Amino acid sequence: MRRVILILLNLILFKVGFSALSIKIYEPIRFSHINTTMIGEEAVAEGTLEITSNNLDEDFQKKLKFRFPNNNLMTNRKRWLKVRRVEMDNSKKELVITSEKMHVKFYAVIDRKELNSFTTPGEILEGEYIGIIPMVIEEYGKPIDIIGGNELEDIGD
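This one's a predicted model, so the numbers in the text were calculated from it and none came from an experiment.

Visitor: Please clarify how unusual backbone geometry should be interpreted in this entry.
Guide: Negative phi characterises most residues that are not glycine, and trans characterises most peptide bonds. Phi angles above zero are rare outside glycine, and Gln-61 is one such case at about 75°. Summarising the element assignment, Gln-61 is placed in the loop between α2 (56-59) and β3 (63-67). Phi angles above zero are rare outside glycine, and Lys-93 is one such case at about 60°. For Lys-93, the location among the structural elements is in the loop between β6 (85-88) and β7 (94-96).

Given below as structure tokens:
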């Protein structure tokens, strides 16, 4: 009987104790369509991350915050472009885990002046610009409900 209890206790602790989020590049940051007739002073590249949870019960409602360094670069293997800023769909650059697999879109913004260089030969300017932006990802645990539903009302009496 003791062995059965120890085995069940180990299985429960193993399942609860070892949950992990894996984050990988689903699609690198790249420009989809750039041409000379684009309007505006900025060109935007798009990329996607895939966030996967191996234990959704533990990871549900966890918060992830993303921070990016100020200086980033993109290249076509012949020329480097400086990225002005990196943005997300969410302006706060935060994400709450709600499913087992999530896709997050990132955008790298560069100045069009860097692409429209008249002094650089066309062979060097052409090509697919790909960039992988370094980032810091902070993980916060899910919110804890310290005070039950009716206990708050009883305090005021």
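Visitor: How do you make sense of the environment of Asn-76 when you look at a structure like this?
Guide: If you trace the backbone, Asn-76 turns up in the loop between β4 (72-75) and β5 (80-83). Counting along the chain gives 55 residues from Asn-76 to Gly-131, while the straight-line C-alpha distance between them is 8.7 Å. What Asn-76 contacts, discounting residues up to four positions off in sequence, is Ile-124, Leu-125, Glu-126, Gly-127, Glu-128 and Tyr-129. Of note is the side chain of Asn-76, whose polar atom sits 2.8 Å from the backbone nitrogen of Arg-79. A distance of 3.5 Å separates a polar atom in the side chain of Asn-76 from a polar atom in the side chain of Tyr-129.

Visitor: Can you walk me through the sheet that holds strand β10 (residues 136-140) in this structure?
Guide: Each strand in a sheet pairs with another by means of backbone hydrogen bonds, the pair being arranged parallel or else antiparallel. Strand order in the open sheet formed by 3 strands is β7-β3-β10, and the pairing between neighbours is antiparallel. Strand pairing shows two members of the sheet lacking a second neighbour, β7 and β10, which therefore form its edges. Within the sheet, the average angular offset between the axes of one strand and its neighbour, ignoring direction, is 20°.

Visitor: Help me out: how do you make sense of the pairing of β6 in this one?
Guide: Strand residues, when the strand is regular, have side chains that alternate between the two faces of the sheet. Burial along β6 is one-sided: Val-86 and Met-88 are buried, while Arg-85 and Glu-87, pointing the other way, are not. Judged from the 4 bridges that link them, β6 and strand β8 (residues 101-111) form a sheet pairing that is antiparallel. Opposite Met-88, over in β8, you have Phe-106 as the bridge partner.

So, how was this worked out
Residues numbered from 1 in each chain as written. Predicted model: local features only at pLDDT ≥ 70, side-chain atom pairs only at ≥ 80, totals over all residues. Heavy atoms only, no water. Helix = DSSP H or I, 4+ residues; strand = E, 2+ residues; numbered from the N terminus. Contact = heavy atoms within 4.5 Å. Polar contact = N/O pair within 3.5 Å; in protein donor to acceptor, adjacent residues only side chain to side chain. Pairing = 2+ DSSP bridges. Axes fitted to C-alpha atoms, helices over the stretch in contact; angles between N-to-C directions. Buried < 20%, exposed > 50% of the residue type's maximum accessible area, 1.4 Å probe, protein only.

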